[in-house]
Amino acid sequence: MRPSFYSDWKHVFKLDPDREITDASLDALCESGTDAILVGGSSGVTFDNTVDLMSRIRRYEVPCAFELSDPACGVPGFDGYFIPSVLNTNRAEWLIGRHAEALRDFGHLLPWESIAGEAYLVLNPDSTVARLTGANASLSIGEAVAYSQVADRLWNVPVLYVEYSGTFGDMDLLSTIKNSLQQAHLFYGGGINSPERAAMAACFADTVVVGNAIYENLDAALATVSAVNQAVKG
Ligand code: 1GP
């Protein structure tokens, strides 16, 4: 695994520029002890709402990164940028097409030292990201591992993101995927809304991502920080 801006992240909160968050909630999240704030969303992300959210997070010392999937939202000033691809889609635009177009037009402007490719394995068929990208999210264990290994071993992607957005995933599958990886850093996101779930995911993922719970139950979301840290120490 190559060291990078995200290498030490065990826990991150993922904030959606298209969703409202109060100053008090943002303060609690940024001062929670989380390792980073990740900014990203599947729909409604614009340059303006990304700048607005970034400038609010920037009042704090916590590192802040952006999942950049549309060049029109290429806001400078983040500590790092992830460029997502969807492994299990049949629509090539989400795997490589949009990326090639973006690099053709903007590659010369990119701060490459702060950029990491992020290969998504989308496993909740009912999620917005699955519908948007036409992901075939109903995979067998063997298929899921195979996609992961294509990313990890054939393509050497720096980050594999097991994405169950909106639902808590199969921890046995996450464990199997983790054990099959050679070098990729493993993100897990989906349905982490309690310390117990956070601790389970932290047993296998290098980085646990907490999203929806921020907006649905802030106290429970905040409790996942120490749960992940305890699990990692254990
Ligand atoms: C979404 O993986 C993140 O991209 C987090 O998922 O919103 O279900 O926590 P949740």
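Rules used in this analysis
Residues numbered from 1 in each chain as written. Predicted model: local features only at pLDDT ≥ 70, side-chain atom pairs only at ≥ 80, totals over all residues. Heavy atoms only, no water. Salt bridge = Lys/Arg side-chain N within 4 Å of Asp/Glu carboxyl O. Helix = DSSP H or I, 4+ residues; strand = E, 2+ residues; numbered from the N terminus. Buried < 20%, exposed > 50% of the residue type's maximum accessible area, 1.4 Å probe, protein only. Near = heavy atom within 4 Å. Areas by Shrake-Rupley, 256 points an atom, 1.4 Å probe, with all protein chains shown as cover. Nonpolar A, V, L, I, M, F, W, Y, C, P; charged D, E, K, R; others polar. UniProt positions renumbered as here; feature names shortened; annotations may be inferred. Contact = heavy atoms within 4.5 Å. Pairing = 2+ DSSP bridges. Right-handed = clockwise from strand over helix to strand, strands pointing away. Core = buried A, V, L, I, M, F, W, Y, C linked by side-chain atoms within 4.5 Å. Phe/Tyr/Trp six-rings, centres within 6.5 Å; stacked < 30°, edge-to-face > 60°.

Caption draft 1: Highlighting the pattern of salt bridges. Tallied over the full model, the rule gives seven salt bridges. Note that Arg56 and Asp23 form a salt bridge whose closest N and O atoms lie 2.8 Å from each other. Of this pair, Arg56 sits in helix α2 (residues 47-57) while Asp23 sits in helix α1 (residues 23-30); the two residues are 33 residues apart in sequence, bridging distant segments of the chain. On the accessibility criterion, Asp23 (48% relative accessible area) is partly exposed.

Caption draft 2: A look at the site of the ligand. In the neighbourhood of the ligand, the contacting residues comprise Lys14, Tyr161, Glu163, Ser165, Gly166, Gly189, Gly190, Gly191, Gly211 and Asn212. Calculation on the ligand without its partners gives an accessible area of 300 Å², and the protein chains cover 92% of this total. Looking at the shell around the ligand residue by residue, the classes come out as one nonpolar, seven polar and two charged.

Caption draft 3: Geometry of the UniProt feature "binding site: sn-glycerol 1-phosphate" (unreviewed entry) in the protein chain. Sequence positions flagged by UniProt for "binding site: sn-glycerol 1-phosphate" (unreviewed entry) are, in local numbering, Lys14, Tyr161, Val162, Glu163, Tyr164, Ser165, Gly166, Gly191, Gly211 and Asn212. Gly191 sits in the partly exposed class, given a relative accessible area of 21%. The residues contacting Gly191, other than those within four sequence positions of it, are Gly166, Thr167, Phe168 and Arg197.

Caption draft 4: Inspection of the pairing of strand β6 (residues 159-163) at higher detail. The element β6 is largely enclosed, with a buried count of five among its five residues. Burial along β6 is two-sided: Val159, Tyr161 and Glu163 and Leu160 and Val162, pointing in opposite directions, are all buried. Here strand β5 (residues 115-122) runs beside β6; their pairing, made up of five bridges, is parallel. The residue of β6 that forms the bridge with Leu121 is Val162. Crossover β6 to strand β7 (residues 185-189) through helix α6 (residues 171-180) is right-handed.

Caption draft 5: Examining the environment of Glu113 more closely. Residue placement: Glu113 occurs in the loop between α3 (92-106) and β5. The class for Glu113 is exposed, based on a relative accessible area of 65%. It is 32 Å that separates the C-alpha atoms of Glu113 and Glu143, two residues lying 30 residues apart in sequence.

Caption draft 6: Molecular detail of the nonpolar core. Within the largest apolar cluster, 54 residues are counted, with the highest numbers of intra-cluster contacts made by Leu15, Ile57, Leu160, Val162, Ile177 and Tyr188. Residues contacting Ile57, with those up to four places away along its chain left out, are Leu15, Leu26, Cys30, Ile37, Val39, Val62 and Cys64. Among the nonpolar cores identified, the runner-up in size contains 19 residues, and Trp9, Trp94, Ala135 and Val209 belong to it.

Caption draft 7: A look at the pairing of strand β4 (residues 80-86). The element β4 is largely enclosed, with a buried count of six among its seven residues. With three bridges joining them, strand β3 (residues 64-67) and β4 adopt parallel strand pairing. Across the sheet, Glu67 pairs through a bridge with Phe82, a residue of β4. For β4 and β5, the ladder comprises six bridges, and the chain directions are parallel. Residue pairing for β5: Tyr81 is matched across the bridge by Ile115. Of the crossover connections in this fold, the one passing from β4 over α3 to the parallel β5 is right-handed.

Caption draft 8: Quick peek at the packing of aromatic side chains. Across all of its chains, the model carries 12 aromatic pairs by this definition. Aromatic side chains Phe5 and Phe82 sit 5.2 Å apart centroid to centroid with 50 degrees between the ring planes, which places their arrangement in the tilted category. With Phe5 in the segment before β1 (11-15) and Phe82 in strand β4, the pair connects residues that are 77 residues apart, well separated along the chain. When the centroid spacing of 6.1 Å and the interplanar angle of 70 degrees are considered together, the rings of Trp9 and Phe82 count as edge-to-face.

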